[in-house]
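Observations on the model geometry
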Amino acid sequence: MQAIQELVAPNTISLQYDVMREIFALLGPYNAGGKPITPQTVISKGLTVDSLTIMDVIMELEDRFDVTIPMNVVADIVTIDQLAEAVVSQRARR
């Protein structure tokens, strides 16, 4: 069992890194406050985005990582970290 975890963990870390990097790239232009974007950034308050922009970002992530994030999951996403976790979680279900 430990051998399987050793094989899975590096891939998961790599995926999390790729997802987070992509999110930062997509949301970077909406950082008008000058504060750094972190995983704990509240998307709707820490950035200058509206709901349409957030949905566009989610669709870009779905296309990039070949996942579908259900709307009930999207409704619960508040922070960048939660968005990244939703992508990673959906990818793991494949």
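Residues numbered from 1 in each chain as written. Predicted model: local features only at pLDDT ≥ 70, side-chain atom pairs only at ≥ 80, totals over all residues. Heavy atoms only, no water.

This part is about the packing of helix 3 (residues 51–65) against helix 5 (residues 80–92). Put simply, helix 3 and helix 5 touch, their axes get as near as 11 Å, and they point 35 degrees apart. Here helix 3 runs over helix 5; the crossing is right-handed. Note on element contacts: helix 5 touches helix 3 through L83, V87 and R91, opposite V57, I58, L61 and F65. Counted by class, the contact of helix 3 with helix 5 contains 6 nonpolar, no polar and 1 charged residues. (Axes fitted to C-alpha atoms, helices over the stretch in contact; angles between N-to-C directions. Helix = DSSP H or I, 4+ residues; strand = E, 2+ residues; numbered from the N terminus. Left-handed = near helix turned anticlockwise from the far one by under 90°. Contact = heavy atoms within 4.5 Å. Nonpolar A, V, L, I, M, F, W, Y, C, P; charged D, E, K, R; others polar.)

The residue Q90 is located in helix 5 in this model. Judged by its relative accessible area of 13%, Q90 falls in the buried class. In this view, Q90 contacts V67, T68, I69 and P70; residues no more than four positions away in its chain are not counted. (Buried < 20%, exposed > 50% of the residue type's maximum accessible area, 1.4 Å probe, protein only.)

Moving on to unusual backbone geometry. Even without glycine at this site, D66 takes up a positive phi of about 55 degrees. Here D66 shows up in the loop between helix 3 and helix 4 (71–74). Using a relative accessible area of 48% as the deciding quantity, one classes D66 as partly exposed.

For helix 3, spanning 15 residues, the distance from its first C-alpha to its last is 21 Å, which sits close to the expected 21 Å at 1.5 Å a residue. Along helix 3, the residues that are buried comprise T53, V57, I58, L61, E62 and F65. Remark: D66 follows helix 3 within two positions and exhibits a positive phi of approximately 55 degrees. (Expected span 1.5 Å × (residues − 1).)

Turning our eyes to something else, we now look at the layout of surface pockets. In this model, the largest pocket occupies a volume close to 190 Å³. Along the walls of the largest pocket sit L27, I43, S44, S51, I54, M55, V57, I58, V74, I77, V78 and L83, which together make up its complete lining. Elements that contribute at least two residues to the lining of the largest pocket include exactly helix 2 (43–46) and helix 3. Considering every element that reaches the lining of the largest pocket, the biggest residue donor is helix 3, with 5 residues. Of the residues belonging to the lining of the largest pocket, the class tally is 10 nonpolar, 2 polar and no charged. (1 Å grid on protein atoms, 1.4 Å probe; cavity = no way out; pocket = protein on both sides within 12 Å on 5 of 7 lines; lining within 4 Å. Points joined across faces, edges and corners; volume = space filled by probe spheres on them.)

For the rest of this paragraph, the subject is the pattern of salt bridges. Tallying each qualifying case throughout the model produces 2 salt bridges. For R21, the salt bridge goes to D18, with nearest N and O atoms at 3.3 Å. Placement of the pair is R21 and D18 together in helix 1 (residues 2–27), with a separation of 3 residues, close to one helical turn. Assessed through its relative accessible area of 22%, D18 is described here as partly exposed. The closest approach of N and O atoms between R64 and E22, which form a salt bridge, is 3.7 Å. Separated by 42 residues along the polypeptide, R64 in helix 3 and E22 in helix 1 bring together distant segments of the chain. In this structure E22 comes out as partly exposed when scored by relative accessible area, which is 22%. (Salt bridge = Lys/Arg side-chain N within 4 Å of Asp/Glu carboxyl O.)

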